[in-house]
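# Structural overview for review
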Amino acid sequence: MEIDYSNIKVIGFDADDTLWVNETYFRDAEVEFGKLLSQFETINKIDQELFKMELKNLPIYGYGIKGFVLSMVEMAVELSNNTVSNTTIKAILDLGKDMINKPVELLDGVELVLKTLSEKYRLIVITKGDLLDQERKLKQSGLLDYFHHIEVVSDKKEANYLNLLHHLNIDPTQFLMVGNSLKSDILPLINIQAKAIHVPFHTTWVHEQVSEQDIKGKAYKTVNELTDILQFFK
């Protein structure tokens, strides 16, 4: 499917798992959480119930590590029937702190792509998550100078994108989004007449997965590596 990018003026990038590693740390924390609660339930059941708790709490806490940690604490209390020890609660909190203190690990080719595209296009970041945590990662990444604007949004639905693009005076038909999530970074953009390029990450949160039916007939490109997008902007 040929897609014309010649009218693109602004390119948006997702941050987590597009510019740097993120989801891997959540999966590692889930494994440790399962070990902490293994006396109360099977690992598989713990994973399932934690996911349900996270979804239930999304409207309250939003996306990010803090909401994830609060969901783990609530799940620990529930699964243990209010008998979980203070030591275990502290261990859960420490899991969250360890995640927040992880060094920012840039994905391959990120700086090359941003340096190349910033010479011709206006670049922005649109990311979900906790504001403080995302600001910290952006600062530590060393990438801030490439971007004209940073936006941490509560969600990535059509309305969120339209509101932001309107605020920044960007015509959706002249906007391209690059990200790893079909649900958050690709489909909403196509639905508002913008363009999108999908750069898969090896791990995807279940909540971000979509069905074959959801993407059937949708006009977007999928590339293997972030550097592959440069072929469209020579």
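A short tour of the structure in this document, coming up. Not measured: the values here are computed from a predicted model.

## Details of the sheet that holds strand E2 (residues 122–128)
Strand order across the open sheet formed by 6 strands is E3-E2-E1-E4-E5-E6, with parallel pairing between neighbours. Of all the strands in the sheet, the pair left with one neighbour each is strand E3 (149–153) and strand E6 (221–222). Strand direction decides the pairing type here: E2 and E3, joined by 5 bridges, are parallel. Bridging across to E3, Ile124 finds its partner in His149.

## Thoughts on the packing of aromatic side chains
As enumerated under the stated definition, the model contains 5 aromatic pairs in all. Between Phe13 and Phe147, the ring centres sit 6.4 Å apart and the planes meet at 70 degrees, which makes this aromatic pair edge-to-face. Of this pair, Phe13 sits in strand E1 (residues 10–13) while Phe147 sits in the loop between helix H6 (131–141) and E3; the two residues are 134 residues apart in sequence, bridging distant segments of the chain. Like Phe13, the residue Phe147 is buried in the burial classification.

## Notes on helix H8 (residues 182–191)
Among the 10 residues that make up H8, 8 are buried, leaving the element largely enclosed by the rest of the structure. Every buried residue belonging to H8 is among Leu182, Ser184, Asp185, Ile186, Leu187, Pro188, Leu189 and Ile190, and all of these are buried. The positive-phi residue at the C-terminal boundary of H8 is Gln193, with phi of around 75 degrees.

## Some remarks on a nonpolar patch on the surface
A cluster of nonpolar side chains, Ile60, Tyr61 and Leu70, forms an exposed patch at the surface whose accessible area comes to about 290 Å². Turning to its location among the elements, Tyr61 is positioned in helix H2 (residues 43–61). Classification of Tyr61 as partly exposed rests on a relative accessible area of 37%.

## Side note on unusual backbone geometry
At Asn81, a position not held by glycine, the phi torsion is positive, near 55 degrees. Mapping Asn81 onto the fold places it in the loop between helix H3 (65–79) and helix H4 (86–100). Of note, Asn169 is a non-glycine position whose phi angle comes to about 60 degrees, a positive value. Tracing the backbone shows Asn169 in the loop between helix H7 (158–167) and strand E4 (175–179).

## Thoughts on the pattern of salt bridges
Under the criterion given, the structure shown has 15 salt bridges. Each of Asp16, Asp133, Arg136 and Lys137 takes part in one network of salt bridges that share partners.

## Some thoughts on the nonpolar core
Nonpolar side chains in soluble globular proteins tend to be buried together. Counting residues in hydrophobic clusters, the biggest one holds 28 residues, and the most contacted among them are Ile11, Phe13, Leu19, Leu117, Phe147, Val178 and Ile229. When residues of this core are traced back to their parent elements, those giving at least two are E1, helix H5 (110–118), E2 and E4. Here the element with the most residues in this core is H5; it accounts for 4 residues. Those residues in contact with Leu19, other than ones at most four positions away along the chain, are Phe13, Asp14, Glu105, Leu106, Leu107, Val110, Val125, Leu143 and Phe147.

## With respect to the environment of Ile126
The residue Ile126 is located in strand E2 in this model. Accessibility expressed as a relative area gives 1% for Ile126, which makes it buried. Spatially, the C-alpha atom of Ile126 lies 4.9 Å from that of Glu151, the residues being 25 residues apart in sequence. Residues in contact with Ile126, not counting those within four places in the same chain, are Phe13, Asp14, Ala15, Glu151, Val153, Lys156, Tyr161, Leu164, Phe175 and Met177.

## Details of H4
For H4, which comprises 15 residues, the first-to-last C-alpha distance of 21 Å matches the rise-based estimate of 21 Å (1.5 Å per residue) to within 8%. Within H4 the residues assigned to the buried category are Thr88, Ile89, Ile92, Leu95, Gly96 and Met99. Down the axis, H4 shows its buried residues gathered within 110 degrees of arc, on one side only. For H4, the exposed residues set more than 90 degrees away from the buried face come down to Asn86, Thr87, Lys90 and Lys97. On its buried face, H4 sits against helix H1 (23–36), H3 and H6.

## Focus: the pairing of strand E5 (residues 195–198)
Here E5 shows no split at all, with Lys195 and Ile197 on one side and Ala196 and His198 on the other all buried. Pairing of E4 with E5, which is carried by 4 bridges, proceeds in the parallel orientation. Within E5, the position partnered with Val178 by the bridge is Ile197. The handedness of the E4 to E5 crossover, carried by H8, is right-handed. When E5 meets E6, the two strands line up parallel, connected through 2 bridges.

What counts, and at which threshold
Residues numbered from 1 in each chain as written. Predicted model: local features only at pLDDT ≥ 70, side-chain atom pairs only at ≥ 80, totals over all residues. Heavy atoms only, no water. Pairing = 2+ DSSP bridges. Helix = DSSP H or I, 4+ residues; strand = E, 2+ residues; numbered from the N terminus. Phe/Tyr/Trp six-rings, centres within 6.5 Å; stacked < 30°, edge-to-face > 60°. Buried < 20%, exposed > 50% of the residue type's maximum accessible area, 1.4 Å probe, protein only. Patch = residues over 30% accessible without salt bridge, like charges linked within 9 Å, V, L, I, M, F, W, Y side chains within 5 Å. Areas by Shrake-Rupley, 256 points an atom, 1.4 Å probe, with all protein chains shown as cover. Salt bridge = Lys/Arg side-chain N within 4 Å of Asp/Glu carboxyl O. Core = buried A, V, L, I, M, F, W, Y, C linked by side-chain atoms within 4.5 Å. Contact = heavy atoms within 4.5 Å. Expected span 1.5 Å × (residues − 1). Arc of directions from axis to C-beta. Right-handed = clockwise from strand over helix to strand, strands pointing away.

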